[in-house]
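Here's the letter readout for the chains.
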Amino acid sequence: MLTLAQAQFPNEIMLAESVLEKQIEKFDEFLPDDVLSIGYVTKIFDTIGTKKWLSLEADEK
């Protein structure tokens, strides 16, 4: 886990672009894909929190 915690995480927007279905809210179908990706990132991904969690887990072991 320490290796993962120290690794460079991919860009969140690039991660969101790989998601096929990003429509979460009622009118998301009317938004362009780049705006959907940004919205998806803010609601779904937490790379900072994930890195912190990995670091804490690695420290405990």
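Rules behind the numbers
Residues numbered from 1 in each chain as written. Predicted model: local features only at pLDDT ≥ 70, side-chain atom pairs only at ≥ 80, totals over all residues. Heavy atoms only, no water. Helix = DSSP H or I, 4+ residues; strand = E, 2+ residues; numbered from the N terminus. Expected span 1.5 Å × (residues − 1). Buried < 20%, exposed > 50% of the residue type's maximum accessible area, 1.4 Å probe, protein only. Arc of directions from axis to C-beta. Contact = heavy atoms within 4.5 Å. Phe/Tyr/Trp six-rings, centres within 6.5 Å; stacked < 30°, edge-to-face > 60°.

## Overview of helix α4 (residues 47–60)
- Taking 1.5 Å of rise per residue, the 14 residues of α4 would be expected to cover 20 Å, and the 20 Å separating its terminal C-alpha atoms lies within 8% of that figure.
- All buried positions along α4 are accounted for by Thr-47, Leu-54 and Ala-58. For α4, the angular spread of buried residues about the axis comes to 35°, placing them on one side. Those residues of α4 that are exposed and angled more than 90 degrees off the buried face are Ile-48, Lys-52, Leu-56, Asp-59 and Glu-60.
- Residues of α4 that are buried make contact with α1 (2–6) and α2 (12–17).

## Overview of the packing of aromatic side chains
- Within this structure, the stated rule accounts for 2 aromatic pairs.
- Geometrically, the ring pair formed by Tyr-40 and Phe-45 is edge-to-face, given 5.7 Å between the ring centres and 75° between the ring planes.
- The partly exposed category is assigned to Phe-45, whose relative accessible area is 26%.

## Focus: the environment of Glu-12
- Tracing the backbone through its elements, the reader meets Glu-12 in helix α2.
- Sequence separation between Glu-12 and Phe-45 is 33 residues, and the spatial gap between their C-alpha atoms is 7.1 Å.
- Among residues more than four places away in sequence, those in contact with Glu-12 are Val-41, Phe-45, Asp-46 and Thr-47.

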